[in-house]
Amino acid sequence: MDMLTPDQARALWDAGGFFILTGLPQGSEYGIDGTFNVVRTCSGTKFVPPGLHLLTWSASTPSPSGVPLRSGLLRVFAAKERVAFAYSSSEEDASPADTPSDAELVALDAALAPYPFAGLARWKALTTHITAAIVNSVLPGGIVDALMSADGDEGAAGRTMRFPVFDLKKSWPTDAVGSELTRHAQDKSWLLGSVAAKTGPTSLIAHLQLAFVLVLYLSSSAALDVYRRFLSLLARAPTALLDPAASAAPFAPAALRRAYLALIHTLAAQLLALPDNVFDADLPEMDVFCLGEIAQLGRNVGAALAARRAAWGDVAGEVERAWAALQRAGRRWGWAIDDLGAAGGADDSDEEGEYAPIVVEP
């Protein structure tokens, strides 16, 4: 951040929070909210604004696999909150430590990096719907690392990420038969309503956002699988958008439409946050997947607006403007995202490939 005057520094010191991380070896990587640095001497971050933050570290000493392992703490900070952790090289892990006193903070000041406010707007755009309740439900205690599996993963054991578990290949009620199986296999609206039944449609956006930041900033392969599932679930639920009551979704139509507006904003923010060459190096074929899901999403949202625009009210215009912003974000990657509803009709591609439905005959 730019050089601060003494008065500015004092104001931030008095108003901001602190994250203290002691014991990290020289040459380790340390970061907050997607800003990373290799450190010589670092004891954490000062001037942390209230809200959700992801603190990450990767020790310079190799992990048992020989590959640096990035770990993190995801936490909603209160105003002026002080959070302390201590890294143990012998255990290759960080654990909570005693909260520092005012005198101890002053002694650590030279080793505390100021919060990188230049990246705050980007971070907030990626995490608009992640609440403390969502964090606590998925990551009790907030600690996460790149190797953690997710509930529902094959062979998942030990400490896991507790994202909602659902199977896109079996997206129908247990009593569905015949043509109902085909309809629910193509249209994930019943499954969407089932997954969001307890917490509402906004929670779907929150889980999608959480999975994305864990992929982007921790390189979590388990979170990548979760992200793909949630995006496909949201992109392939046309009945929920056309007529929420018909999909048996247990929430108000207005809440669902607002959630889809948030989804479009989220996708635009995510496309802008991805680093250059990510689809060539770190996420091969993910561009093909994302572009396909966005195309399906655009068909479904466009069809819903064309059929029942009056029911969408002022949200309709907001959705169209958000979609235009998503199209602009896509141009960064050379994508030509169609206008809403441009392709029209349903897409049966989900009956093939990775999420092809599995029907077990009685």
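Look up a bit, the structure's there.
Read on for an overview of the structure.

1. Examining the environment of Leu120
Tracing the backbone shows Leu120 in helix H3 (residues 120-126). Not counting residues within four places of it along the chain, the set of residues in contact with Leu120 comprises Pro49 and Tyr115.

2. Remarks on the packing of aromatic side chains
On inspection of all chains with the given rule, the structure shows nine aromatic pairs. The ring of Phe36 has Arg70 sitting right over it, with the charged end atom 4.1 Å from the ring centre. Over the ring of Phe289 we find Arg228; its NZ or CZ atom is 4.1 Å from the centre of that ring.

3. Examining empty space enclosed by the protein
All chains considered together, the criterion is met by two cavities of 30 Å³ or more. If you go around the largest cavity, you meet 14 residues; those closest to its centre are Phe212, Tyr227, Leu274, Met286 and Cys290. Of all the secondary-structure elements, those providing two or more residues to the lining of the largest cavity are helix H7 (202-218), helix H8 (221-235), helix H10 (253-273) and helix H12 (286-312). In this structure, the second largest cavity encloses a volume near 50 Å³. Together, ten residues line the second largest cavity, and Ala295, Gly298, Arg299, Asp338 and Asp339 are the ones closest to its centre. When residues in the lining of the second largest cavity are grouped by element, the largest group, four residues, is from H12. Looking at the lining of the second largest cavity residue by residue, the classes come out as six nonpolar, one polar and three charged.

4. Concerning the sheet that holds strand S1 (residues 17-22)
Here five strands make up an open sheet; going across it, the order is S8-S7-S1-S4-S9 and the pairing mixed. At either end of the open sheet lies a strand with only one pairing partner, and these are strand S8 (93-96) and strand S9 (112-114). Taking each pair of neighbouring strands and ignoring which way they run, the sheet shows an average axis angle of 20 degrees. Sheet topology places S1 next to strand S7 (residues 82-88); five bridges connect them, and they run parallel. Pairing of Thr22 across the sheet is with Ala86, part of S7. Along the sheet, helix H1 (residues 6-15) makes contact with S1 and strand S4 (44-48), crossing S4 at roughly 100 degrees.

5. A few points about the packing of H12 against helix H13 (residues 315-331)
The angle between the axes and the distance between the axes are what describe a pair of packed helices. Following both chains from N to C, one finds H12 and H13 inclined at 160 degrees, their axes separated by 10 Å at the closest point. In terms of orientation, H12 lies roughly antiparallel with respect to H13. H13 is crossed by H12, and the crossing has left-handed handedness. Of H13, the residues touching H12 (which contributes Ile294, Leu297, Gly298, Val301, Leu305, Arg309 and Trp312) are Val315, Ala316, Gly317, Val319, Glu320, Trp323 and Leu326. Split into classes, the residues belonging to the contact of H12 with H13 amount to ten nonpolar, two polar and two charged.

Analysis parameters
- Within any chain, residue numbers begin from 1 and follow the written order of that chain's sequence.
- Totals for whole chains, interfaces and linings use all residues, but because this is a predicted model, local features are given only for residues with pLDDT of at least 70 and pairs of side-chain atoms are given and counted only at 80 or more.
- Each side-chain value is derived from all of the structure's non-hydrogen atoms; neither hydrogens nor water enter the calculation.
- By the criteria applied, helices consist of DSSP H or I runs no shorter than four residues and strands consist of E runs no shorter than two, each listed in order from the N terminus.
- Residues are treated as being in contact if the distance between any of their heavy atoms lies within 4.5 Å.
- Between rings of Phe, Tyr and Trp, where Trp is taken as its six-membered ring, a pair exists when centres lie within 6.5 Å; planes separated by under 30 degrees are stacked, by over 60 edge-to-face, and by other angles tilted.
- A positively charged side chain is recorded as over a ring if its NZ (Lys) or CZ (Arg) lies within 6 Å of the ring centre. The angle to the ring normal must also be within 35 degrees.
- Here a cavity is any set of points on a 1 Å grid over the protein atoms alone where a 1.4 Å probe fits but cannot get out, and a pocket is any open set with protein on both sides within 12 Å along at least 5 of 7 lines; a residue lines the site when it has an atom within 4 Å of a point.
- Grid points are joined across faces, edges and corners, and a volume is the space filled by probe spheres set on the points.
- In this count, Pro and Cys sit with the nonpolar residues alongside Ala, Val, Leu, Ile, Met, Phe, Trp and Tyr, while Asp, Glu, Lys and Arg are called charged and the others, Gly among them, polar.
- Two strands qualify as a pair provided DSSP detects at least 2 bridges between them.
- Working convention: axes come from line fits to C-alpha atoms, limited for helices to the stretch in contact. Angles between N-to-C directions cover 0 to 180 degrees.
- An angle below 35 degrees is treated as roughly parallel, one above 145 as roughly antiparallel, one from 65 to 115 as roughly perpendicular, and anything else as oblique.
- In this scheme, a crossing is called left-handed if the near helix is turned counterclockwise away from the far one by less than a right angle; it is called right-handed if the turn is clockwise.

Worth remembering: the numbers are spatial, not functional.
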